[in-house]
Amino acid sequence: DLSPHQLSDQARTQKDLAAFLKSRSMYELMPESGKVVVVEVELSVKTAMWALAHHEMQSAPLWSSADRKFVGMLTMTDVLDILRHFHAHKLNSKAAATGKISQILEDTSVKEWRAFSEDKTPDRPHSFVSVSPISTLYEACSLLKDHRIHRLAVIDGEHHVVLCTVTHDLILQYIVSQFRSNATLFHHQLKDLEIGTFRHVITVQPETPLIDILQMLAEHRISAIPIVDAAGVLLDVYCRSDILYLVHDQRYDDLEIPVSAALAARGVPKKGYRVLTCKQTDTLKTVIERLSVAYENRLICVDDDLYVQGIVSLTDLFDYFLREFS
């Protein structure tokens, strides 16, 4: 637990960071060049998902030519739900002739899926959430937090142009490079701060069927599940973004394979590592820097023997720093 002095330092740091975010606009965060994928809602679900996988994008704004406006985002949560739903219903009338999920995905438009999804998941944001280039970073962080989303489009509203997509890791990189603070809070160990999930952490073993993991990701609304051996030692992690490897290879009917096989098909990530870890004795500064440098969304917290103790995500960090200023 933090002492009264440390709690005061924490509150001051949160206030300083909030002030910093309120003083900076999205213009300062936007890259000089980049790639944005926009999906027309009349496209098939199969084509839309493949576009994400092909361009290695985890989200895409959805455009309706009929309405002449952006109507939402296609995200990894959608891809997860699509695969789960059609796997469970692959014996329905549409799939009877081929028995293949691929054909159902080809026959279903993004617009049709959205209509179905909005009815089944009313608690999720289905409208298009965006900011303008002159919006502040604080506004962006607040929208990400309030809507429980991980990606936010920056829009030139006058010309209906998506300029870029903002994520927690992009904001964190900017904070690390630009925000200066002498606060001792950043030198406190993780174990002294209420950041991350350290109770009821879900783990699975390599032989767990992939479809079971997809169900867990959806039902518990989490972004990753550590893979451990029979003794509980960390081996790997399966993330929502790993679903793109299935989509890229069009292995829609391979959801019963063990997660170990799915990870083997993924190969070694381009970033050169499989799992980023931290320890409860690491300082907050160490955790922040590790996440910002690695372009990663989470760290798996382990002990000296690599037993999983918890998970610290970017969302956890932003919730911690902005909790008093919602």
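Residues numbered from 1 in each chain as written. Predicted model: local features only at pLDDT ≥ 70, side-chain atom pairs only at ≥ 80, totals over all residues. Heavy atoms only, no water.

Chemist: Help me get a handle on the overall build of the protein, residues and values and all.
Modeler: Counting its secondary structure elements, the protein contains 12 helices and 11 strands. Considering the protein as a whole, with its 326 residues, one finds that 48% of them fall into the buried category. Looking at the protein alone, contacts between residues at least 24 apart form 64% of all its contacts between residues at least 6 apart. Carbon and sulfur atoms provide 50% of the accessible area of the protein, an area that totals close to 16000 Å². (Helix = DSSP H or I, 4+ residues; strand = E, 2+ residues; numbered from the N terminus. Buried < 20%, exposed > 50% of the residue type's maximum accessible area, 1.4 Å probe, protein only. Contact = heavy atoms within 4.5 Å. Areas by Shrake-Rupley, 256 points an atom, 1.4 Å probe, with all protein chains shown as cover.)

Chemist: Which residues make up the nonpolar core, and what values do they have?
Modeler: Soluble globular proteins tend to bury their nonpolar side chains together. Counting residues in each nonpolar core, the largest one holds 45 residues, and the members touching the most others are Leu21, Met26, Ile171, Ile175, Ile195, Leu284 and Phe321. Looking at this core, the elements that each hand over two or more residues are α1 (4-22), α6 (137-146), β5 (151-156), β6 (161-167), α7 (168-178), α11 (284-294), β10 (298-302) and α12 (314-322). With 6 residues, the top contributor of residues to this core is α12. When residues no more than four places from it in sequence are discounted, the contact partners of Met26 are Val131, Ser132, Pro133, Ser135, Thr136, Leu137, Ala140, Val154 and Val166. Met49, Leu80, Ile104 and Val259 belong to the second largest nonpolar core, which has 44 residues in total. (Core = buried A, V, L, I, M, F, W, Y, C linked by side-chain atoms within 4.5 Å.)

Chemist: Can you explain the side chain of Ser313? Please cite residues and give values.
Modeler: Summarising the element assignment, Ser313 is placed in strand β11 (residues 308-313). When its relative accessible area of 14% is taken as the criterion, Ser313 is described as buried. Leave out the neighbours within four places in its chain, and Ser313 touches Asn297 and Arg298.

Chemist: Provide a residue-level description of helix α2 (residues 45-54), including the pertinent values.
Modeler: Along α2, 7 of the 10 residues are buried, which leaves the element largely enclosed by surrounding structure. Three or more residues of α2 are buried, namely Val45, Lys46, Ala48, Met49, Ala51, Leu52 and Ala53. In the stretch just after α2, Glu56 is the one whose phi turns positive, near 55°.

Chemist: So what's going on with the sheet that holds strand β4 (residues 130-131)? Residues and values would help.
Modeler: In space, the 3 strands of this open sheet follow the order β4-β5-β6, with mixed pairing throughout. Two strands lie at the open edges of the sheet, namely β4 and β6, each paired on one side alone. Sheet analysis places β4 next to β5, joined by 2 bridges and oriented parallel. Across the sheet, residue Ser130 finds its bridge partner in β5, namely Ala153. Those strands touched by α6 are β4 and β5, and its axis lies near 135° from that of β5. (Pairing = 2+ DSSP bridges. Axes fitted to C-alpha atoms, helices over the stretch in contact; angles between N-to-C directions.)

Chemist: If you had to explain the packing of aromatic side chains to someone new, which residues and values would you point to?
Modeler: Counting across every chain of the model gives 8 aromatic pairs. Ring plane angle 55° and centroid distance 5.3 Å describe the contact between Phe20 and Phe179, whose orientation is recorded as tilted. Linking Phe20 in helix α1 with Phe179 in the loop between α7 and α8 (210-219), this pair joins segments that are 159 residues apart in sequence. By the burial criterion, Phe20 is buried, and Phe179 matches it. (Phe/Tyr/Trp six-rings, centres within 6.5 Å; stacked < 30°, edge-to-face > 60°.)

Chemist: I'd love a proper account of the packing of α7 against α12, names of residues and values included.
Modeler: Close contact between α7 and α12 brings their axes to 10 Å; oriented N to C, the two are set at 60°. Judged by the inter-axis angle, α7 sits oblique to α12. As α7 runs across α12, the sense of the crossing is left-handed. Only Leu314, Thr315 and Phe318 of α12 make contact with α7, whose side of the interface consists of His168, Asp169, Ile171, Leu172 and Ile175. (Parallel < 35°, antiparallel > 145°, perpendicular 65-115°, else oblique. Left-handed = near helix turned anticlockwise from the far one by under 90°.)

Chemist: Please set out the layout of surface pockets residue by residue, giving values where relevant.
Modeler: In this model, the second largest pocket occupies a volume close to 360 Å³. Counting only elements with at least two residues in the lining of the second largest pocket, the list comes to α1, α7, α11 and α12. Element by element, the count of residues in the lining of the second largest pocket is highest for α12, at 4 residues. Grouping the constituent residues of the lining of the second largest pocket by class yields 13 nonpolar, 3 polar and 3 charged. (1 Å grid on protein atoms, 1.4 Å probe; cavity = no way out; pocket = protein on both sides within 12 Å on 5 of 7 lines; lining within 4 Å. Points joined across faces, edges and corners; volume = space filled by probe spheres on them. Nonpolar A, V, L, I, M, F, W, Y, C, P; charged D, E, K, R; others polar.)

Chemist: So, α6: which residues are in play, and what are the values?
Modeler: Every buried residue belonging to α6 is among Leu137, Tyr138, Ala140, Cys141, Ser142 and Leu144, and all of these are buried. Immediately downstream of α6, the backbone of Arg148 shows phi near 55°, a positive value.

Chemist: Tell me about the pairing of strand β8 (residues 234-239), and name the residues and values.
Modeler: Among the 6 residues of β8, 5 are classified as buried, and the element is accordingly described as predominantly covered. As defined by bridge partners, strand β7 (residues 224-228) adjoins β8 across 5 bridges and the pair is classed as antiparallel. Considered in β8, the bridge of Ala224 is made with Cys239. Joining the antiparallel neighbours β7 and β8 is a turn of 5 residues, in which Gly232 adopts a positive phi near 95°.

Chemist: If you had to explain the sheet that holds strand β2 (residues 59-64) to someone new, which residues and values would you point to?
Modeler: Spatial ordering of the open sheet is given by β1-β2-β3, a layout of 3 strands whose pairing is mixed. Strands at the two margins of the open sheet, each flanked by one partner only, are β1 (39-40) and β3 (69-75).

Chemist: I'd like a rundown of empty space enclosed by the protein, residues and numbers included.
Modeler: Counted by the stated rule, this structure contains 2 cavities of 30 Å³ or more. Approximately 60 Å³ is the volume found for the largest cavity. Contributing to the lining of the largest cavity are Tyr238, Asp242, Tyr245, Leu246, Asp249, Arg251, Ala262 and Ala265. Residue lining of the second largest cavity: Cys141, Leu144, Lys145, His168, Thr315, Phe318, Asp319 and Leu322, and that is the complete set. Elements represented by at least two residues in the lining of the second largest cavity include exactly α6 and α12. For the lining of the second largest cavity, the element with the most residues is α12, which contributes 4 residues. The residue makeup of the lining of the second largest cavity, split by class, is 4 nonpolar, 2 polar and 2 charged.

Honestly, it's all geometry; don't read function into it.
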